2 protein chains.
Amino acid sequence: MAELVKVVVDAMGGDNAPVEPIKGAVEAVKERTDIQVILTGRQQVIEKELAKYPDYPKDRIRIVDASEVIETAEPPVYAIRKKKDSSIVVGLNMVKKQEADAFVSSGSTGAVLVGGQVIVGRSKGVERPPLAPLIPTKDGVALLIDCGANVDARPSHLVQFAKMGSIYMEHVVGVKNPRVAIVNNGAEEEKGNALVKETFPLLKECQGINFIGSIEARDIPAGYADVIVCEAFVGNVILKLYEGVGATLIKKIKEGMMSSLRSKIGALLVKPALKETLKTFDASEHGGAPLLGLKGLVVKTHGSAVAVEIKNAIYQCVQFKQQKINEKIAERLNEPAKQE
Amino acid sequence: MAELVKVVVDAMGGDNAPVEPIKGAVEAVKERTDIQVILTGRQQVIEKELAKYPDYPKDRIRIVDASEVIETAEPPVYAIRKKKDSSIVVGLNMVKKQEADAFVSSGSTGAVLVGGQVIVGRSKGVERPPLAPLIPTKDGVALLIDCGANVDARPSHLVQFAKMGSIYMEHVVGVKNPRVAIVNNGAEEEKGNALVKETFPLLKECQGINFIGSIEARDIPAGYADVIVCEAFVGNVILKLYEGVGATLIKKIKEGMMSSLRSKIGALLVKPALKETLKTFDASEHGGAPLLGLKGLVVKTHGSAVAVEIKNAIYQCVQFKQQKINEKIAERLNEPAKQE
């Protein structure tokens, strides 16, 4: 039998805790036999919630008590330092001590990012661990790397992002020879800000990645590249604008559909088909965002995540572990410079 | 009678030239009596196209012959220098010599931006002229400033953008006391890259603008601010991602609607209402993007602009002139520092 992959799930994190994280955990261990979930958080609360599910393999869900909760509004660095018995700190410590392989949380992004770096720690050779969510494209997904909290990256960081992102897309998401592009303000080679201009030739020379050049933001949703390399400030703008334009447009479409009797009848008829199509353009369907380059895996799910996203994030962790992504990243980032 | 506002329209620029620019010009002079349009480009081509419209006030459309055309792919600086007899250079020179008040083009963005700065020239006190398109929001529009070709701005540039943008939104678009926000990767005051962190306190202290703080990209389409201040690289990403997410989402919705017989029937019923609603979320409805801070007005319309956008851009120029925007900008940027 395959070795169990041990995933800690923060039972207290996110808008829908503890209900949805626990539901996602239960569904994961019911569906697959190679997973053990450790739920961190207030034991009594978790026990009460788990009691709703009589029918699941009880030996594969464990509770580890953590009396504190880090709120989204708390300053991350301070929260991680003070709340030693929070579900996040307790969970990350288990990954650090190798009692678990991965940690999944819908809680405070800042705390998860800071905690991941401070508690779990960077892998050897990693200059800056990027947060890399999958974003929907016309016919699939792309990895947007970096959307983390540390902005103003250096060119060498972006090159590492390209390498780590390629490994992740190839071995976790399953895209063969993923196309890597750098976000730019034009397709021509003379375009770019200082960072992009400095990074472009480094990516061009970089062995072992499939660098296809610059990508304009317009072409990201169209799916022109699989690994979208950018500095975290720009990545944050892209990620959040994706959500914002999508939400506003869908709101307007709903308004339009409700504007006359004729269109209301039409809306009833198109609704099921539309819902199905829009689901493929919904980021939450694709699990969480991994924080790459750490000594273990940390995955940040949306604050509004429901069970299916938690479950998918757990599966992501299994794939990550079984595909030895951290070993592959370490090998790739620490390989000696080629002599030619 | 009010003084005629003289607007040069590049009859050769854009994907739909000469048909659409000329149609837009004809419609503008037919609808309003305070406009004179000067069409620049190949005289014979323009005359032939104009001949299709027997019924318009002929004294208010003039042709100025320009034998060359700058193509979109040409390097802008070189093109402006070499093609002295292009529709863009001839048009911009008319603004420079004050033979016209404004220039509208759907041609090469780079050439229009470079030409605007090099030929028309900056107003006194303007450090960097920003390109500022209007982008659709849930219930209106916002001014995205800067989306120009010069990236890596300094804090003082962003402060000038906030001032110029406020004047434009108030007096051209008609938004009273427009809310100014700076694009940031979080709402908290400690967030930001180096540029934003340096600019934030300057905007906070700046008199005469209604600064409301940081805006996350997610909240731009929701309409949380009227003047969206950012550095041009970020502005470019926002502008193009707006287009990209919108286009991909609408494509997916159409696919969804065509996926079953039931939904096809529904699609027929919702179509008219939907079209009307989506029109309000279409950037081209809002005329062109002004290049602010020049000694005249230069407006860049979409490469794919049709007549209605050209017409709206011409009206924008009239409003700009009649509201004395350049005088207001000059006064605002050159006022002595307040002593308190």
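Overview of the structure. The residue numbers shown here count from 1 along each chain, following its written sequence. Chain letters start at A and ligand numbers start at 1, both assigned in the order the entries are written. Where local features are concerned, this predicted model is filtered to residues with pLDDT of at least 70; where side-chain atom pairs are given and counted, the filter is 80 or more; whole-chain, interface and lining totals use all residues. For side-chain calculations, the full set of non-hydrogen atoms in the structure is used, while hydrogens and water are omitted.

### Some points on the sheet that holds strand β7 (residues 179–183) of chain A
For sheets, the rule is that strands pair by backbone hydrogen bonds, running either parallel or antiparallel.
Residues and elements named next belong to chain A.
Logical step 1: Whether two strands pair comes down to DSSP finding at least two bridges between them. Helix numbers and strand numbers start at the N terminus; a helix is a DSSP run of H or I with at least 4 residues, a strand a run of E with at least 2. Reading across from one edge, β5-β6-β9-β7-β8 is the order of the 5 strands in this open sheet, with mixed pairing throughout. Since the sheet does not close on itself, it has two edges, and those belong to β5 (134–136) and β8 (210–215), each with one partner. If you compare each strand with its neighbour and ignore which way they point, the axes differ by 30 degrees on average.
Logical step 2: Pairing of strand β6 (residues 141–145) with strand β9 (residues 227–229), which is carried by 3 bridges, proceeds in the parallel orientation. Note that in β9 the partner of leucine 143 across the bridge is valine 227. Angular values range over 0 to 180 degrees, each being the angle between N-to-C directions of two axes fitted as lines to C-alpha atoms, with helices fitted over their stretch in contact.

### Examining the relation of the copies chain B and chain A
Logical step 1: Mapping chain B onto chain A leaves a residual RMSD of 0.1 Å; the transformation is a rotation of 180 degrees accompanied by 0.0 Å of translation along its axis. Those values place the two copies in the arrangement expected of a two-fold rotation axis. Of every C-alpha in chain B, the one belonging to Gly266(B) sits nearest the axis of rotation, 1.9 Å from it.
Logical step 2: Interface overlap between copies is the fraction of interface residues in one copy that are interface residues in the other; for chain B against chain A it reaches 100%, indicating a shared surface. Superposition of the copies used a least-squares fit over C-alpha atoms from residues whose pLDDT is at least 70 in both. In what follows, residue pairs with any heavy atoms lying within 4.5 Å of each other are defined as contacts.

### Overview of the interface of chain B and chain A
Logical step 1: Taken together, the contact between chain B and chain A spans 53 residues of the former and 53 residues of the latter.
Logical step 2: Defined in terms of a 1.4 Å probe, buried area is the accessible area two parts forfeit on being brought together, summed over both. Together, the buried faces of chain B and chain A total about 5000 Å²; carbon and sulfur atoms form 72% of this surface.
Logical step 3: On the chain B side of the interface with chain A, the three residues burying the most area are Phe233(B), Leu241(B) and Lys252(B), jointly 13% of the side's total.
Logical step 4: When a carboxyl oxygen of Asp or Glu lies within 4 Å of a side-chain nitrogen of Lys or Arg, that pair is called a salt bridge. Counting every contact that joins chain B to chain A gives 6 salt bridges.
Logical step 5: In this structure, the salt-bridge partner of Glu216(A) is Lys240(B), at a minimum N-O distance of 2.2 Å.

### Re a positive patch on the surface
Residues and elements named next belong to chain A.
Logical step 1: The grouping of Lys254, Lys271, Lys275 and Lys279 at the surface amounts to a positive patch.
Logical step 2: Among the elements that take part in the positive patch, helix α9 (residues 261–279) stands out by supplying 3 residues, more than any other.
Logical step 3: Here lysine 279 lies in helix α9.
Logical step 4: Using a 1.4 Å probe on the protein chains alone, a residue whose accessible area is under 20% of its type maximum counts as buried, one over 50% counts as exposed, and one in between counts as partly exposed. The exposure class of lysine 279 is partly exposed, given its relative accessible area of 41%. Each patch is built from residues that are more than 30% exposed by relative accessible area and take part in no salt bridge. Like charges join if they lie within 9 Å; nonpolar side chains (Val, Leu, Ile, Met, Phe, Trp, Tyr) join within 5 Å. Computed by Shrake-Rupley with a 1.4 Å probe, the accessible areas treat only the displayed protein chains as cover when residues are assessed. None of His or the chain ends enter the tally, which takes Lys and Arg as positive and Asp and Glu as negative. To locate a charge, take NZ of a lysine, CZ of an arginine, CG of an aspartate or CD of a glutamate.

### Overview of the nonpolar core
In summary, soluble globular proteins display a tendency toward joint burial of nonpolar side chains.
Logical step 1: Counting residues in hydrophobic clusters, the biggest one holds 180 residues, and the most contacted among them are Leu39(A), Ile220(A), Ile238(A), Leu39(B), Ile220(B) and Ile238(B).
Logical step 2: The residues touching Ile238(A), leaving out its near neighbours within four places in the chain, are Leu144(A), Val183(A), Ile220(A), Cys230(A), Val237(B) and Leu241(B). We define the nonpolar core as a collection of buried residues of types Ala, Val, Leu, Ile, Met, Phe, Trp, Tyr and Cys that are connected through side-chain atoms lying within 4.5 Å of one another.

### A few points about the side chain of Ser106(A)
Residues and elements named next belong to chain A.
Logical step 1: Following the sequence through the fold, serine 106 ends up in the loop between β4 (102–105) and α5 (109–120).
Logical step 2: By relative accessible area, serine 106 is classed as buried at 5%.
Logical step 3: As used in this structure description, the phrase polar contact means that two N or O atoms lie within 3.5 Å; if the pair is within protein, one of them must be able to donate a hydrogen and the other to accept it, and residues adjacent in sequence are counted only when both atoms belong to side chains. Here threonine 301 takes part through its side chain, which lies 2.7 Å from a polar atom of the side chain of serine 106.
Logical step 4: Residues contacting serine 106, with those up to four places away along its chain left out, are Gly13, Gly14, Lys300, Thr301, His302, Gly303, Ala305 and Ile310.

### Examining unusual backbone geometry
Residue and element names in this part refer to chain A.
Logical step 1: Between alanine 17 and proline 18 the backbone carries a cis peptide bond, its omega angle lying at 0 degrees.
Logical step 2: Topologically, proline 18 is positioned in the loop between β1 (5–10) and α1 (19–31).
Logical step 3: Even without being a glycine, asparagine 177 presents a positive backbone phi close to 45 degrees.

### As for helix α2 (residues 43–50) of chain A
Residues and elements named next belong to chain A.
Logical step 1: Every buried residue of α2 is listed here: Ile46, Glu49 and Leu50. Buried residues of α2, viewed axially, fall in a sector of 95 degrees; they line one side. Facing away from the buried side of α2 by over 90 degrees, the exposed positions are Gln44 and Lys48.
Logical step 2: In the core, the buried residues of α2 are packed alongside α1, β2 (35–41) and β3 (61–65). Each direction from the helix axis to a C-beta atom contributes to the arc, which is the arc of those directions.

### Observations concerning the side chain of Glu20(B)
All names here are of chain B.
Logical step 1: Residue position: glutamate 20 is located in helix α1 (residues 19–31).
Logical step 2: The charged side chain of glutamate 20 is buried without a salt bridge, its nearest counter-charge being lysine 23 at 4.8 Å.
Logical step 3: Those residues within four positions of glutamate 20 in sequence are excluded, and the remaining contacts are Ala305, Val306, Ala307 and Ile310.

### Brief notes about the pairing of strand β4 (residues 102–105) of chain B
Residue and element names in this part refer to chain B.
Logical step 1: Side chains of β4 alternate between two faces, with Ala102 and Val104 and Phe103 and Ser105 buried alike.
Logical step 2: When strand β1 (residues 5–10) meets β4, the two strands line up parallel, connected through 3 bridges. Paired with valine 9 across the strands is valine 104, a residue of β4.
Logical step 3: Pairing of β4 with strand β11 (residues 297–300), which is carried by 4 bridges, proceeds in the parallel orientation.

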